[in-house]
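Topology and contacts: notes
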Amino acid sequence: MESSELKRSKDSPNSDESAGLSSFPDEVLERVLSLLKSHRDRSFVSLVCKDWYNAERWSRTHVFIGNCYSVSPEIVARRFPNIRSVTLKGKPRFSDFNLVPQNWGADIHAWLVVFAAKYPFLEELRLKRMAISDESLALLAVAFPNFKALSLLSCDGFSTNGLAAIATNCKNLTELDIQENGIDDKGGSWLGCFPESFTSLEVLNFANLTSDINFDALERLVGRCKSMRVLKLNRSISLEQLQRLLVNAPQLAELGTGSFSQELTFRQYKELECTLSNRKNMHTLSGLWEAKGIYLPALYPACTNLTFLNLSYAALQSSELAKLLAHCPRLKRLWVLDTVQDKGLEAIGLNCPLLEELRVFPDDPFGEEIVHGVTEAGFVAVSYGCPRLHYVLYFCQQMTNAAVATVVQNCPDFTHFRLCIMNPGQPDYLTNEPMDEAFGAVVKTCTKLQRLSVSGLLTDLTFEYIGRYAKNLETLSVAFAGSSDWGMQCVLGGCPKLRKLEIRDCPFGNAALLSGLEKYESMRSLWMSACKVTMNGCRLLAREMPRLNVEVMKEDGSDDSQADKVYVYRSIAGPRRDAPPSVLTL
Amino acid sequence: MCMELQLGLALPSDPLIIPIKMFDLNSCGYEPGEGLGSNTLSRPLLKLGPSDININNSSSSSPSRSGGSRKRGFDEVQRFDENRIFPKTLPLLLSTNQPNDEHDPNGLEDNSSSAIFKNDGEGLVGWPPVKTWRKKLLLQIPKGGAVNNNRVAAMAENGCRGRASNSTYVKVKMEGIAIARKIDLSVHHSFETLTSTLMGLFDISDENWKGFKLTYQDIEGDWLLAEDVPWRTFIRSSKCLKLIRSRG
């Protein structure tokens, strides 16, 4: 609707085009454009003409930077003078799996220094895979008097001392969301640093912290922040403590419980059940660490309007899950551990017709005792019951081509299909064939597919299919797959919307790497590790494409000519100057 | 005209066209006159040597079909042996182990020369792709019932997550067979039933069974003979099993 609005104003009858556009008052144009929120729409708008470019840059308040090294903070500040909210992403995604060396970079500090000077009115900072130190947090806490929202996801480099600085100084804080980070947890006293006069917090997520929290301080904080709508506790919070917190927060929309296994008296259990009942505005539930089956019924009344249930820390059995799901008719997003097995997945298919997203995590991915987990049968069962499924992340021990074909036939609307068969290079266990046809079915049937992760035994045929059919694919993750350079060439030659390509342990070499020369400037980044690319190949790429940064990370003891890990990304900021010695910029 | 990058925003719909011809990597260099684009003429030739060319790959126009190209560069990704029986309900574990290596707790130590499967004591680095923080958080969840602290510690050291569930499946290997199997110990109540299951799994006849001994690895990592302990001890402490040929 917004783009049609724009079209009208562009096509408005004026004597001639140039006069028409320049006679449109800037203030009105800016006012109209300020209604645009999507950064893609804004990007298109800025390309129309110089006037629109300027109006857009003055009216923009939020900037999203998908790769912190693609641009410098100075360039951002120069182009956008009125930014109040920044989202930055740093390290390559494979850093989540220890594939990126420590001290690789993506430090927020240089950005904060520029922001402190140019955006003193900054309100929101959302970081993903960035390095942030306590010093940076302290700077953040004092340099921006209007600061409201801090969200850190998969970041590292800081400790709870940094959180204490935020709590102490940010008088207008509404959101503190510390998810899934590498934190040096020195204890829970930071929570006590919020002043008694502080009441503005609406979102508090410290589920990822491991140490005990100062509960009294937390209880008082929750009690006085009447607008709190998101509260995600860590494992140290017991059921009894949860009960006390909930009594003071009747309006919570998102709850992450603490440990769900404390021994309760009957009366305590009843109290909890009562407190949880009639929570009609609760739409998200998570936590449930060590959930004991016998206490789960206390949750049932709170589940009526749940749309997102995250059970990925609760090792439930299939029957426990089935009983719980019977009370969650409106579920759209569900995360579980594979302890629920195929029977649990069948229960999902039976109880959750509105389901759009399913993630099944492995309970014991590295263990020697191999548990049964989930198989292709569970996957198929869910697909029959949940036709609206469009996002799946599925870790399994076995899969078949036929099963995947059935799944996508039942659910043709997949936008995100991430299948991880946990044994590298494992074929269809029934037919012994490669899993090529499975992913062929995915890309042929799911025309809206944006993100794909492949696994199992795969030949170049898989990549031929992907290149030929996956016209909307933006992100592709490949591991232990392919037969030759041809596979990667198919993808690079085929997928017009490809933005991120990450590859590990595949037989793709220089020919494949260099076939993408024309492509990489239209992509955000390329990652290749443990492939067959050489230093010379990377040097050639760097030489031919000056607007790409080509970084190579060498492993200890590897052959000098091999490029063990390669990270290629476009940038207008030039090669970075903060790379550690293990990272070579070519 | 060089367009400023759109700061991670949507791109212009057609990618920027760069006037470079694809070069023939099979020759060890290229001549400036072959139309590479005027911006490259002044630079010295970059020669790609034989090591830069992947001689195993063929960028042919008729790519291999699924059945044809089994050839993979990784020796230790075993092909499944069609002659082996495997019930369809039990998933298999690919073992990268050399058959005679008994002192390999993880069963994943790579003795071959391929650099692809790296081992840092946890098997492959960063595989399966489960986020490190999730691994750490799951490791802290205490286990149910029968599992004791030793096991938790041992698993933690191995990088294995102590499970939140109480499963009884164990891995079973047979000497001489690369691929391991899994069985559920909880359905067995004596060595007799276990023995007959194993004989069926590995297709060992009564006579041949006499040539084997059943060993198991206990919680502390030691390998012991199953016949030396009572069933209860065995069932409580075995982490994985191995059938070895009895010698003499």
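Residues numbered from 1 in each chain as written. Chains lettered and ligands numbered in written order. Predicted model: local features only at pLDDT ≥ 70, side-chain atom pairs only at ≥ 80, totals over all residues. Heavy atoms only, no water.

The subject of this paragraph is the overall build of chain A. Counting its secondary structure elements, chain A contains 22 helices and 23 strands. Taken over C-alpha atoms, the radius of gyration comes to 26 Å for chain A, in line with the 25 Å a tight globule of 586 residues would show. Seen through its C-alpha atoms, chain A measures out along the principal axes to roughly 70 × 65 × 60 Å. Sequence-distant contacts, at least 24 apart, represent 70% of the contacts inside chain A between residues at least 6 apart. Summed over all atoms, the accessible surface of chain A reaches about 20,600 Å², with 51% contributed by carbon and sulfur. Charged side chains in chain A number 63 positive and 67 negative. The centres of these two groups are separated by 6 Å. (Helix = DSSP H or I, 4+ residues; strand = E, 2+ residues; numbered from the N terminus. Rg over C-alpha atoms; globule rule 2.2 N^0.38 Å. Contact = heavy atoms within 4.5 Å. Areas by Shrake-Rupley, 256 points an atom, 1.4 Å probe, with all protein chains shown as cover. Lys, Arg positive; Asp, Glu negative; His and termini not counted. Charge placed at Lys NZ, Arg CZ, Asp CG, Glu CD.)

Turning to the overall build of chain B, a few remarks are in order. If you tally the helices and strands in chain B, you get five helices and five strands. Reading chain B from its N terminus to its C terminus gives the helix and strand order α-α-β-β-α-α-β-β-α-β. Here chain B holds 248 residues, and the buried ones make up 45% of them. Long-range pairs, those at least 24 residues apart, make up 47% of the contacts in chain B with a sequence separation of at least 6. In the form shown here, chain B has an accessible surface area of approximately 13,500 Å², with 53% of it arising from carbon and sulfur atoms. (Buried < 20%, exposed > 50% of the residue type's maximum accessible area, 1.4 Å probe, protein only.)

It is worth spelling out helix 11 (residues 239-247) of chain A at this point. For an α-helix, the turn length of 3.6 residues means that residues three or four places apart are oriented alike. All names here are of chain A. All of the buried residues in helix 11 are Leu239, Leu242, Gln243, Leu245 and Leu246. Considered in projection along helix 11, the buried side chains sweep an arc of 165 degrees and stay on one side of the axis. Buried residues in helix 11 make contact with helix 10 (215-224), strand 10 (254-256) and helix 12 (266-276). (Arc of directions from axis to C-beta.)

So, about the environment of Ala77 of chain A. Residues and elements named next belong to chain A. Here Ala77 is to be found in helix 6 (residues 73-79). It is 7.6 Å that separates the C-alpha atoms of Ala77 and Phe115, two residues lying 38 residues apart in sequence. The residues touching Ala77, leaving out its near neighbours within four places in the chain, are Val114, Lys118 and Tyr119.

By volume, the second largest pocket amounts to about 690 Å³. Along the walls of the second largest pocket sit 29 residues, with Cys155, Asp156, Asn181 and Gly182 of chain A together with Lys136 of chain B positioned nearest its centre. Within the residue set of the lining of the second largest pocket, elements represented by two or more residues are strand 5 (156-159) and strand 7 (182-184) of chain A together with helix 1 (132-139) of chain B. Considering every element that reaches the lining of the second largest pocket, the biggest residue donor is helix 1 of chain B, with four residues. (1 Å grid on protein atoms, 1.4 Å probe; cavity = no way out; pocket = protein on both sides within 12 Å on 5 of 7 lines; lining within 4 Å. Points joined across faces, edges and corners; volume = space filled by probe spheres on them.)

The subject of this paragraph is the pattern of salt bridges. Residues and elements named next belong to chain A. Under the criterion given, the structure shown has 31 salt bridges over all chains. Residue Arg60 pairs with Glu56 through a salt bridge whose shortest N-O separation is 2.8 Å. Its relative accessible area of 1% is what places Arg60 among the buried residues. A network of salt bridges, in which partner residues are shared, links Arg42, Glu56, Arg60 and Arg79. (Salt bridge = Lys/Arg side-chain N within 4 Å of Asp/Glu carboxyl O.)

Residues and elements named next belong to chain A. All of the buried residues in helix 13 (residues 318-325) are Ser318, Leu321, Leu324 and Leu325. Axial view of helix 13: buried residues confined to an arc of 130 degrees, hence all on one face. Buried residues along helix 13 sit in contact with strand 12 (308-310), strand 13 (333-337) and helix 14 (341-351).

Right, let's get into the UniProt feature "domain: Transport inhibitor response" (unreviewed entry) in chain A. The sites that carry the UniProt feature "domain: Transport inhibitor response" (unreviewed entry) are, in the present numbering, residues 81-127 of chain A. Span residues 81-127 of chain A is 21% helix and 19% strand, its end C-alpha atoms 20 Å apart. (UniProt positions renumbered as here; feature names shortened; annotations may be inferred.)

Right, let's get into the packing of aromatic side chains. Residue and element names in this part refer to chain A. As enumerated under the stated definition, the model contains 29 aromatic pairs over all chains in all. With a centroid separation of 5.7 Å and an interplanar angle of 65 degrees, the aromatic rings of Trp104 and Tyr567 are classed as edge-to-face. Pair noted here: Trp104 is in the loop between strand 2 (85-89) and helix 7 (109-118) and Tyr567 is in strand 22 (residues 565-570), with a separation of 463 residues, a long-range link. With respect to burial, Trp104 and Tyr567 carry one shared label: buried. Pairing Trp190 with Phe206 gives two aromatic rings, centres 6.1 Å apart and planes at 80 degrees, and the pair type is edge-to-face. You can see Trp190 sitting in the loop between strand 7 and strand 8 (203-205) and its partner Phe206 sitting in the loop between strand 8 and helix 10, a full 16 residues away along the chain. Across the pair, exposure class does not vary: Trp190 and Phe206 are buried alike. (Phe/Tyr/Trp six-rings, centres within 6.5 Å; stacked < 30°, edge-to-face > 60°.)

What follows concerns the pairing of strand 2 (residues 181-184) of chain B. Residues and elements named next belong to chain B. Side-chain alternation along strand 2 places Arg181 and Ile183 on one buried face and Lys182 and Asp184 on a second face that is also buried. Relative to strand 2, strand 1 (residues 169-174) runs antiparallel, the two being bridged by four bridges. Bridging from a neighbouring strand, Val170 pairs with Ile183 of strand 2. (Pairing = 2+ DSSP bridges.)

With that settled, consider the confidence of the model for chain A. Do not read the predicted coordinates in detail wherever pLDDT is low. Summing up the model confidence of chain A, the mean pLDDT is 91 and the portion of residues at 70 or higher is 95%. Of the regions scoring below 50 in pLDDT, residues 1-19 of chain A engages in twelve contacts with residues more than four places distant in sequence or in other chains. (pLDDT = per-residue confidence, 0-100.)

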